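Each chain, letter by letter, is given below.
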Amino acid sequence: MKEIQYQKEGMKFNLEYEHSDCSYEILVNDMPVMIHFGLGERSGLTVDINQYILKPGKQNITIRMFPSKNDENTFSLSLTANSFVKITLDKVSLSSNPMDGWDAIAKGEKYQWDVLDYQTPKIEKPVAYAEYKTSFEVDPKDITWKITGWADSQNLKNDPNIRKEVDAFYEDFKKTLESGNQSKYVSMLQNSIYEEAASTPWDKNALPQITKNMTDYANEKRSFIYPCKNAELKFFGEGKVVTLVCTDMLTFGYSPLISKSAKSMMPKAHTFYLHKPKGSDKLEIIR
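Since we're looking at a predicted model, the values are computed, not measured.

Visitor: I keep staring at the layout of surface pockets and nothing clicks. Help me out?
Guide: Unoccupied space between atoms shows up once a probe the size of one water molecule is rolled over them. The computed volume of the largest pocket comes to approximately 1400 Å³. In terms of lining residues, the largest pocket is bounded by 42 residues, among which Y254, K268, A269, H270 and T271 are the most central. Class assignment of the residues belonging to the lining of the largest pocket gives a composition of 25 nonpolar, ten polar and seven charged. Its volume calculated, the second largest pocket comes out at about 430 Å³.

Visitor: What should I look at first to understand the state of the cysteines in this one?
Guide: Two cysteines joined by a covalent bond between their sulfur atoms form a disulfide. Under the definition given, this model contains one disulfide. For C228, the disulfide goes to C246, at an S-S distance of 2.2 Å. Its torsion about the S-S bond being 105°, the disulfide of C228 and C246 is classed as right-handed. Highlighted residues: C228 in the loop between strand 11 (222-225) and strand 12 (231-236) and C246 in strand 13 (residues 241-246), separated in sequence by 18 residues.

Visitor: Quick question: what am I supposed to make of the pairing of strand 13 here?
Guide: Looking down a regular strand, the side chains alternate between one sheet face and the other. For strand 13, a buried count of six out of six residues is recorded, marking the element as mostly surrounded by other parts of the structure. Neither face of strand 13 is exposed, since V241, T243 and V245 on one face and V242, L244 and C246 on the opposite face are all buried. Between strand 12 and strand 13, which pair antiparallel and follow one another directly, the connecting turn spans four residues, one of which, G237, has a positive phi of 55°.

Visitor: It is not clear to me how unusual backbone geometry should be interpreted in this structure. Could you clarify?
Guide: Glycine aside, residues mostly have negative phi, and peptide bonds are mostly found in the trans state. Within the chain, N29 stands out as a residue other than glycine whose phi angle is a positive 55°. As for its position among the elements, N29 is in the loop between strand 2 (23-28) and strand 3 (31-36). Here N29 falls in the buried class, since its relative accessible area comes to 19%. One non-glycine residue, E238, lies in positive phi territory at about 55°. Looking at the secondary structure, you find E238 in the loop between strand 12 and strand 13. Judged by its relative accessible area of 63%, E238 falls in the exposed class.

Visitor: Sorry, what's going on with the sheet that holds strand 2 here?
Guide: As a general point, the strands of a sheet are linked pairwise by backbone hydrogen bonds and lie either parallel or antiparallel. Pairing is antiparallel across the open sheet formed by four strands, whose spatial order is 3-2-5-10. A single partner strand is all that each edge strand has here, and the edge strands are strand 3 and strand 10 (130-138). Adjacent strand axes in the sheet meet at a mean angle of 15° when their direction is disregarded.

Visitor: Help me understand the packing of aromatic side chains in this model?
Guide: Two aromatic rings, taken as a pair, are described by how far apart their centres are and by the angle between their planes. By the definition in use, this model includes eleven aromatic pairs. Between F37 and F66 the ring centres are 5.2 Å apart and the planes differ by 45°, which places this aromatic pair in the tilted class. Placement of F37 in the loop between strand 3 and strand 4 (45-48) and of F66 in strand 5 (residues 57-66) is noted, with a sequence separation of 29 residues between them. Like F37, the residue F66 is buried in the burial classification. Among the aromatic side chains, those forming a connected cluster through ring pairs are F37, F66, F75, Y129, F252 and Y254.

Visitor: What is the right way to read the pattern of salt bridges from this model?
Guide: For side chains bearing opposite charge, pairing can occur when the charged atoms are close. All chains considered together, the criterion is met by eleven salt bridges. Residue K234 pairs with E25 through a salt bridge whose shortest N-O separation is 2.4 Å. Of this pair, K234 sits in strand 12 while E25 sits in strand 2, and the two are 209 residues apart along the sequence. Linking K184 and D172 is a salt bridge whose minimum nitrogen-to-oxygen distance equals 2.7 Å. Taken together, the residues K184 in helix 3 (residues 182-199) and D172 in helix 2 (residues 162-179) connect sequence positions twelve residues apart. Through salt bridges with shared partners, a single network forms among E25, R64, E131, K133 and K234.

Thresholds, definitions, all that
Residues numbered from 1 in each chain as written. Predicted model: local features only at pLDDT ≥ 70, side-chain atom pairs only at ≥ 80, totals over all residues. Heavy atoms only, no water. 1 Å grid on protein atoms, 1.4 Å probe; cavity = no way out; pocket = protein on both sides within 12 Å on 5 of 7 lines; lining within 4 Å. Points joined across faces, edges and corners; volume = space filled by probe spheres on them. Nonpolar A, V, L, I, M, F, W, Y, C, P; charged D, E, K, R; others polar. Disulfide = S-S within 2.5 Å. Helix = DSSP H or I, 4+ residues; strand = E, 2+ residues; numbered from the N terminus. Buried < 20%, exposed > 50% of the residue type's maximum accessible area, 1.4 Å probe, protein only. Pairing = 2+ DSSP bridges. Axes fitted to C-alpha atoms, helices over the stretch in contact; angles between N-to-C directions. Phe/Tyr/Trp six-rings, centres within 6.5 Å; stacked < 30°, edge-to-face > 60°. Salt bridge = Lys/Arg side-chain N within 4 Å of Asp/Glu carboxyl O.

Here's what the structure looks like:
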């Protein structure tokens, strides 16, 4: 972590999303940034997508729409005329010093720019699936970070042993949390943490606190709930990234690892995405 090239200032790309009457996946450069297969609606929320931008130029966004969930165990048969997903993307000039933003406002300087506003077309007839694509451009001067991500990773789709290896990784991750092995938990996530930290302007003095929060989290007594009887592989990143998703109706579309701790009764879905770096024969968490 000491090798992180901290971005003292730079652009932060924010994607805001809302939806109605549907389940959905939002992907940036074929990597999921938001997935919703649950009850109710999640709208007006924002996700930072810097870590999904590996190079300047055209960035692709894919929106996949599915029928909404009626109750814990059933989905609607089709999308409706009221189904939509809307995304709004902007970029904000940030600094590791929060006061810089206030100074810019006081001086009347522009620090935020609209990048993209997109809403899926109206569903004209009942269908069980719809997919839409859009894109935006990132100027080279707005990329102040250098992260590799999954760009040079191996393609996993044709790997005959991939399911066995993914299952083993998930089992190891579960045992790591159950045993409260703090150092191993942090090491399993270190590449993902590194690239998120390296791609976003922030205060490097926060790193010790973030690390402490993670180790405290790993040390919480945690029990796994909603055991998933059926899970399937799902590939992203043009076949270079893989994850497991549950196909049981109760937890459909989410990670098969869901837990809760004694400190919080709110369930936690442990979602992560695996890749094999070039030249490696082991799966690692990349996001």
